[in-house]
Amino acid sequence: MKHLIAPSLLSADFANLQRDIEMVNSSEADWFHVDVMDGVFVPNISFGFPVMEAIKRYATKPLDVHLMIVNPDQYIERFAAAGASVITVHYEACTHLHRTIQAIHATGCKAGVAINPHTPVGLLKDVLADLDLVLVMSVNPGFGGQKFIPNTLNKLRELKAMASVVNPDLLIEVDGGVGIKNLADLIQAGASVFVAGNAIFAAPSPSVMISELKQLDAQLKSS
């Protein structure tokens, strides 16, 4: 499967959000990545339901919603109703993770679980077969523009090996410090979905950068 590119709207120009959404619509990107932060689980606050609904009104590609919040179960149905296609919760925020995964699937959304840099991949062993996606955080969640944590590559390899046994179709997503310089290493380590924020929206031409990120896999195969 060709890898997916999910531009992070956290790095978009909020004063020109419709413009940036339409740029992603017309680009080679696959998903929109929407980071939801509550100022409790992470030290920042971002999108709420009114912004989610505005994004959905203009977006023509799936919304990949990453809930960096406490008590995510309380809001799953509302995010699904607001337009999410994928809902990802944090392992660290869910006391009854299996039940949370079931609740996401009950809305018709794909279910993802994110793990912070300090969280071992092995803790997902008992729910891995039930998941559509695992998001491996390659920075500490809460802010854009952070430096990639190199140990992420080891976690991706371990996760890929685990998934090959119980869930070979699992999507493995990476978020944090992703760009053209490390994408090849991430692909080779097993990742298949890439969240990129500053790498895209701070580029001279964001749509060209998306294309370069998207086409890198073909370049690797031809080299």
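Per an unreviewed UniProt entry, the protein chain goes by the name Ribulose-phosphate 3-epimerase and belongs to Pedobacter panaciterrae. The UniProt entry for the protein chain carries the following text under Sequence similarities (unreviewed entry): "Belongs to the ribulose-phosphate 3-epimerase family." Among the UniProt annotations of the protein chain, the heading Catalytic activity (unreviewed entry) holds the following wording: "D-ribulose 5-phosphate = D-xylulose 5-phosphate".

A tally of regular secondary structure across the protein chain gives eight helices and eight strands. For a compact globule of 223 residues, the expected C-alpha radius of gyration is about 17 Å, and the protein chain comes in at 16 Å, within 12% of that figure. Dimensions of the protein chain, computed from the C-alpha atoms along their principal axes, are close to 45 × 45 × 30 Å. Residues counted as buried form 54% of the 223 residues belonging to the protein chain. Summarising the internal contacts of the protein chain: among those between residues at least 6 apart in sequence, 66% fall at separations of at least 24. A total of about 9,900 Å² of accessible surface is found on the protein chain, and carbon and sulfur atoms cover 52% of it.

This part is about the UniProt feature "binding site: substrate" (unreviewed entry) in the protein chain. Mapped onto this numbering, the UniProt entry gives "binding site: substrate" (unreviewed entry) at S8, H66, G142, F143, G144, G145, D175, G176 and G177. Among the secondary structure elements, H66 is positioned in strand β3 (residues 63–68). Those residues in contact with H66 that sit more than four places away from it in its chain are H33, V34, D35, V36, T88, H90, A114, L135, M137 and D175.

Once that is clear, we can look at the nonpolar core. One finds L9, V65, I87, L128 and L186 to be the most contacted residues of the largest nonpolar core, which totals 67 residues. Not counting chain neighbours up to four residues away, the residues in contact with V65 comprise V34, V36, M52, F79, A84, V86, I87 and T88. By size, the runner-up hydrophobic cluster in this structure holds twelve residues, among which are L4, W31, M137 and V193.

Reading the values: rules and limits
- Residues numbered from 1 in each chain as written.
- Predicted model: local features only at pLDDT ≥ 70, side-chain atom pairs only at ≥ 80, totals over all residues.
- Heavy atoms only, no water.
- UniProt positions renumbered as here; feature names shortened; annotations may be inferred.
- Helix = DSSP H or I, 4+ residues; strand = E, 2+ residues; numbered from the N terminus.
- Rg over C-alpha atoms; globule rule 2.2 N^0.38 Å.
- Buried < 20%, exposed > 50% of the residue type's maximum accessible area, 1.4 Å probe, protein only.
- Contact = heavy atoms within 4.5 Å.
- Areas by Shrake-Rupley, 256 points an atom, 1.4 Å probe, with all protein chains shown as cover.
- Core = buried A, V, L, I, M, F, W, Y, C linked by side-chain atoms within 4.5 Å.

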